[in-house]
Amino acid sequence: METQVDRSLKYAGLEEALDYEAEINQQHLKFKDQYERLSLIGSGGQGQVYKVLNKVTGEVLAAKRISLDNWDDVDALQNEARALQNLKHPGIPKYHQFYIQEDSGWGNPEYILVTDYVEGESLYKKLEKGQRFDEEELRYIKAQVLDALSAAHKKGIVHRDI
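Calculation rules
- Residues numbered from 1 in each chain as written.
- Predicted model: local features only at pLDDT ≥ 70, side-chain atom pairs only at ≥ 80, totals over all residues.
- Heavy atoms only, no water.
- Helix = DSSP H or I, 4+ residues; strand = E, 2+ residues; numbered from the N terminus.
- Buried < 20%, exposed > 50% of the residue type's maximum accessible area, 1.4 Å probe, protein only.
- Contact = heavy atoms within 4.5 Å.
- Areas by Shrake-Rupley, 256 points an atom, 1.4 Å probe, with all protein chains shown as cover.
- Polar contact = N/O pair within 3.5 Å; in protein donor to acceptor, adjacent residues only side chain to side chain.
- Pairing = 2+ DSSP bridges.
- Axes fitted to C-alpha atoms, helices over the stretch in contact; angles between N-to-C directions.
- Salt bridge = Lys/Arg side-chain N within 4 Å of Asp/Glu carboxyl O.

Enquirer: Can you help me understand the overall build of the chain in this one?
Expert: What the chain contains, in helices and strands, is six helices and five strands. Buried positions account for 33% of the 162 residues belonging to the chain. Put simply, 46% of the contacts in the chain that link residues at least 6 apart link residues at least 24 apart. As displayed, the chain has an accessible area near 10600 Å², and 51% of this comes from carbon and sulfur atoms.

Written out as structure tokens, the structure is:
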């Protein structure tokens, strides 16, 4: 049976995404059946990030619910999910799963990217609280961030929130 996502992807000329969607949805579990939302971690221009519990494995992970406005974004997101599957770097959370949920309740499909959950505060939060870093700490942070970004760029991934 052809779904709204299938029809939309065909209309947008993204038939190749249908094969990828079928591969993604072979898990036979919907996101809400496999994961329990624990808390909202943060939100931004692309969507929201939640701390979630995998009901099957007991793992605590992060799930980014992504809002997309056009089909170019859908294609870019699916390419990013494919690239993340092969990206291994200590400074980048490990990819677990990618979901396309047709029954989002918002009229459009929902896109959910599940990765490792990284415990701790963001640099933004630390600065917001007034924490300051000395020159050596800043060099270390910069080197770690640039190393992770370089690894992502080598796989064709451009971080859209930096």
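From this point, the narrative continues.
Enquirer: Please explain the side chain of N54 as it appears in this structure.
Expert: Topologically, N54 is positioned in strand β2 (residues 47–54). Side-chain polar atoms of N54 contact the backbone nitrogen of V56, separated by 2.7 Å. N54 has contacts with Q34, Y35, E59 and L61, leaving out every residue within four places of it along the chain.

Enquirer: Explanation requested: the sheet that holds strand β3 (residues 60–66) in the structure shown.
Expert: Strand pairing in a sheet relies on backbone hydrogen bonds. The paired strands run either parallel or antiparallel. Strand order in the open sheet formed by five strands is β1-β2-β3-β5-β4, and the pairing between neighbours is antiparallel. Looking at the sheet topology across the chains shown, the edges are occupied by β1 (35–43) and β4 (95–101). Averaged over neighbouring strand pairs, the angle between their axes works out to 25 degrees when direction is ignored. By the bridge criterion, six bridges tie β3 to strand β5 (residues 110–116) in an arrangement that is antiparallel.

Enquirer: How should the pattern of salt bridges be read in this particular structure?
Expert: Side-chain pairing between opposite charges can occur once the charged atoms of the two side chains come close. Inspection of every chain in the model, using the stated rule, returns two salt bridges. Among the ionic pairs, E121 bridges to K129, the shortest N-O distance being 2.6 Å. Residue classification places E121 among the partly exposed positions, given a relative accessible area of 39%. According to the relative accessible area criterion, K129 is exposed, its value standing at 65%. Residue R139 is joined to E135 by a salt bridge in which the shortest nitrogen-to-oxygen separation is 2.3 Å. Residue R139 and its partner E135 are located together in helix α6 (residues 135–154), separated by four residues, close to a single helical turn. A residue is classified by how much of its surface remains accessible, and E135, at 53% relative accessible area, is exposed.

Enquirer: Just checking my understanding: could you explain the side chain of T115 for this structure?
Expert: As for its position among the elements, T115 is in strand β5. Accessibility expressed as a relative area gives 15% for T115, which makes it buried. Excluding residues that lie within four positions of it along the chain, T115 makes contacts with L61, A62, P93, K94, Y95 and H96.

Taken by themselves, the reported measurements are silent on function.
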